[in-house]
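Now for the letters of each chain:
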Amino acid sequence: MLAELGFVDTLAESEALSHGSGLVKLLANPYAAMPSLHAADALIIGVTLAVLARRPLLKVVFALYPLWVWFSLLATANHFWIDLAVGVLVAGFGAAAATWVALSRRAGRARSGRRPRALGR
């Protein structure tokens, strides 16, 4: 893909290993790049650790982590930009769904007057 633009598929260039050989053929999925779950994962981890970190330098490092992963994915031609964009949307959808569930549970407990039980009880 995009060889005319200078992108090289290193696995296809290998004589010892290729997309059509042995275990790679069994496990490879050429359509799995959409959406980029690496982009989603990097965003989730980066934001979470930036929020939890106490030191300002660590907050900056963790906040920049998703940008570094996204750059790496694009620079190595492992993903198109649209793969990353949809991966970010997937992470956002997951965060919205998790927030909705948490708020629904909290509202349900408030209506019933129950307090959450400690684990193991």
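Here, the structure is the one placed above.
Residues numbered from 1 in each chain as written. Predicted model: local features only at pLDDT ≥ 70, side-chain atom pairs only at ≥ 80, totals over all residues. Heavy atoms only, no water.

A.B. asks: Which residues make up the overall build of the protein, and what values go with them?
C.D. replies: A count of helical and extended segments in the protein gives five helices and zero strands. Tracing the protein from N to C terminus, the helices and strands come up as α-α-α-α-α. Relative to its full complement of 121 residues, the protein shows a buried share of 13%. In the protein, the share of contacts with a sequence separation of at least 24, taken over all contacts with a separation of at least 6, comes to 51%. Within the structure as shown, the protein displays about 9900 Å² of accessible surface, and the carbon and sulfur contribution to it stands at 67%. (Helix = DSSP H or I, 4+ residues; strand = E, 2+ residues; numbered from the N terminus. Buried < 20%, exposed > 50% of the residue type's maximum accessible area, 1.4 Å probe, protein only. Contact = heavy atoms within 4.5 Å. Areas by Shrake-Rupley, 256 points an atom, 1.4 Å probe, with all protein chains shown as cover.)

A.B. asks: Any details on a nonpolar patch on the surface? Residues and values, ideally.
C.D. replies: A cluster of nonpolar side chains, Leu2, Leu5, Phe7, Met34, Leu74, Phe80, Trp81 and Ile82, forms an exposed patch at the surface whose accessible area comes to about 760 Å². With respect to the helices and strands, the residue leucine 2 is situated in the segment before helix H1 (10-13). Residue leucine 2 is classed as partly exposed on the basis of its relative accessible area, which comes to 30%. (Patch = residues over 30% accessible without salt bridge, like charges linked within 9 Å, V, L, I, M, F, W, Y side chains within 5 Å. Salt bridge = Lys/Arg side-chain N within 4 Å of Asp/Glu carboxyl O.)

A.B. asks: Explain the packing of helix H3 (residues 37-52) against helix H4 (residues 56-75) residue by residue, including any values.
C.D. replies: One way to put it is that H3 packs onto H4 with a least axis distance of 7 Å and a crossing angle of 170°. In terms of orientation, H3 and H4 fall into the roughly antiparallel class. Across the interface between the two elements, His38, Ala39, Ala42, Leu43, Ile45, Gly46, Leu49, Ala50 and Val51 of H3 pack against Lys59, Phe62, Ala63, Tyr65, Pro66, Val69, Trp70 and Leu73 of H4. Residues that form the contact of H3 with H4 fall into these classes: 14 nonpolar, two polar and one charged. (Axes fitted to C-alpha atoms, helices over the stretch in contact; angles between N-to-C directions. Parallel < 35°, antiparallel > 145°, perpendicular 65-115°, else oblique. Nonpolar A, V, L, I, M, F, W, Y, C, P; charged D, E, K, R; others polar.)

A.B. asks: Pulling in residues and values, what's your account of the nonpolar core?
C.D. replies: Listed in full, the six residues of the largest apolar core are Ala39, Ala42, Val69, Trp70, Leu73 and Leu84. For this core, the elements supplying multiple residues, two or more each, are H3 and H4. Ranked by the residues each element gives to this core, the list is headed by H4, at three residues. Excluding its chain neighbours within four sequence positions, the residues that come into contact with leucine 84 are Ser36, Ala39, Trp70, Leu73, Leu74 and His79. (Core = buried A, V, L, I, M, F, W, Y, C linked by side-chain atoms within 4.5 Å.)

A.B. asks: Talk me through H3; I want residue IDs and the actual numbers.
C.D. replies: Between its first and last C-alpha, H3 extends 22 Å over 16 residues, near the 22 Å set by a 1.5 Å rise per residue. Listed as buried for H3 are Ala39, Ala40, Ala42, Gly46 and Ala50. Projected down its long axis, H3 shows its buried positions confined to an angular sector of 165°, all on one face. Exposed and facing more than 90 degrees away from the buried side of H3 are Leu37, Val51 and Leu52. (Expected span 1.5 Å × (residues − 1). Arc of directions from axis to C-beta.)

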